[in-house]
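Given next are the chains, with one letter for each unit.
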Amino acid sequence: MRLATTVLALALTIAGGPATAVETRPLRVMSLDQCGDQYALALAPDAELALSPRADDPDSWMREAAAGHRRIRPTLEAAIGFQPDVVLRYWGGDARLLARLEADGVRIVTIADATDFDGVRENIRTAARALDAGAWGDMLIARMDARLREAAPAPDAVKRSALYLTAGGFTAGRGALVDAILAAAGLANVVKAPGFAPVSVERIVMWRPAWFVLGFFDQPRGDWRGPGRHPAIMRAAQGRIAARLPAASLTCPAWFAADAAVMLKGRG
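Here the structure is a predicted model, which means the values were calculated and not measured. (Residues numbered from 1 in each chain as written. Predicted model: local features only at pLDDT ≥ 70, side-chain atom pairs only at ≥ 80, totals over all residues. Heavy atoms only, no water.)

### Re the state of the cysteines
Here is step 1 of the chain: Taken as a whole, this structure holds one disulfide when the rule is applied.
Here is step 2 of the chain: Covalent S-S linkage joins Cys35 and Cys252, the inter-sulfur distance amounting to 1.9 Å. On the sign convention where negative is left-handed, the bridge of Cys35 and Cys252, at about 50° about the S-S bond, is right-handed. Here Cys252 lies in the loop between strand 11 (241–245) and helix 10 (257–263) and Cys35 lies in helix 2 (residues 34–43), a separation of 217 residues in the sequence.
Here is step 3 of the chain: Accessibility expressed as a relative area gives 3% for Cys35, which makes it buried. (Disulfide = S-S within 2.5 Å. Helix = DSSP H or I, 4+ residues; strand = E, 2+ residues; numbered from the N terminus. Buried < 20%, exposed > 50% of the residue type's maximum accessible area, 1.4 Å probe, protein only.)

Pasting the structure below:
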């Protein structure tokens, strides 16, 4: 009997403990869209991630970090198969999926449409709390703040006007994160109206801002014949393009908006 007990004890030790012991597993994090991918990759690199199909697209800031992680479609069937602990989303996921996840006790973090860098900081803190990644969140905010200090103009710099323009012919005014990016680099947005709006070729030529800030022009298949690519606008912008901001820096209200501000450094 003693021998049998000893053998059983040894077997349990080798196996890692009694069969009733709870085995720990990595946190399972599912992203429902490309913006959620960025937060998942930055704040939970050691978690078991299920990213969106667009995680490694050219307009994904963290596309290189996405390599090696699984991709799944944001569907109810995929979520049931993966069984996430936390779900990150910006706009992704339909009502049926979100309702089922909530009913199953899954924590859903919706990234807010931040209009300034305080809003981005809050997005980072909210996601970091849900992922139990406070240290990662603090590091991300510190990095963003360092980039903002790098982008900031000299105290005596004269503010020069700038017009943000996409290839599709849209611009952005007050209440848009792009407006905060321009301000962080010491540029004065010529657009005073709130939000995003289409702008005519004639209006752009008449404005004649000191600088043009182009966004999403790096996407060759996007708005190839859009108003923003009109020859008259390209002539007006010649020699006055402060930066061509890559789509990857603009698709999500996240910390890398500060990197976009750095790209404008010295143009204020």
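Next comes the rest of the write-up.
### What to know about the sheet that holds strand 8 (residues 187–189)
Here is step 1 of the chain: If you trace the four strands from one edge of the open sheet to the other, you get 8-6-10-11, paired in parallel fashion. A single partner strand is all that each edge strand has here, and the edge strands are strand 8 and strand 11. Averaged over all neighbouring strand pairs, the angle between strand axes comes to 30°, with direction disregarded.
Here is step 2 of the chain: Examined bridge by bridge, strand 10 (residues 211–215) and strand 11 share four bridges and lie parallel to one another. Within strand 11, the position partnered with Gly215 by the bridge is Leu245.
Here is step 3 of the chain: Running over the sheet, helix 7 (residues 177–184) touches strand 6 (160–166), strand 8 and strand 10 and is turned about 150° from strand 8. (Pairing = 2+ DSSP bridges. Axes fitted to C-alpha atoms, helices over the stretch in contact; angles between N-to-C directions. Contact = heavy atoms within 4.5 Å.)

### Some details on the pattern of salt bridges
Here is step 1 of the chain: Going through the model one piece at a time under the given rule, you end up with 15 salt bridges.
Here is step 2 of the chain: A salt bridge links Glu122 to Arg129, with the nearest nitrogen and oxygen atoms 3.5 Å apart.
Here is step 3 of the chain: Connected via shared salt-bridge partners are Arg143, Arg147, Glu150 and Asp259. (Salt bridge = Lys/Arg side-chain N within 4 Å of Asp/Glu carboxyl O.)

### Here's the deal with the packing of aromatic side chains
Here is step 1 of the chain: By the definition in use, this model includes three aromatic pairs.
Here is step 2 of the chain: Consider the rings of Tyr39 and Trp255, whose centres lie 5.3 Å apart with planes at 85°: the pair is edge-to-face. Placement of the pair is Tyr39 in helix 2 and Trp255 in the loop between strand 11 and helix 10, with a sequence separation of 216 residues.
Here is step 3 of the chain: For Tyr39, a relative accessible area of 0% corresponds to the buried category.
Here is step 4 of the chain: Judged by its relative accessible area of 2%, Trp255 is buried.
Here is step 5 of the chain: Measuring from centroid to centroid gives 5.0 Å for Trp255 and Phe256, while their planes differ by 75°, and the two rings are edge-to-face. Considered together, Trp255 and Phe256 belong to a single accessibility category, that of buried residues.
Here is step 6 of the chain: In textbook terms, an aromatic cluster arises when at least three aromatic residues are bridged by ring pairs, as seen for Tyr39, Trp61, Trp255 and Phe256. (Phe/Tyr/Trp six-rings, centres within 6.5 Å; stacked < 30°, edge-to-face > 60°.)

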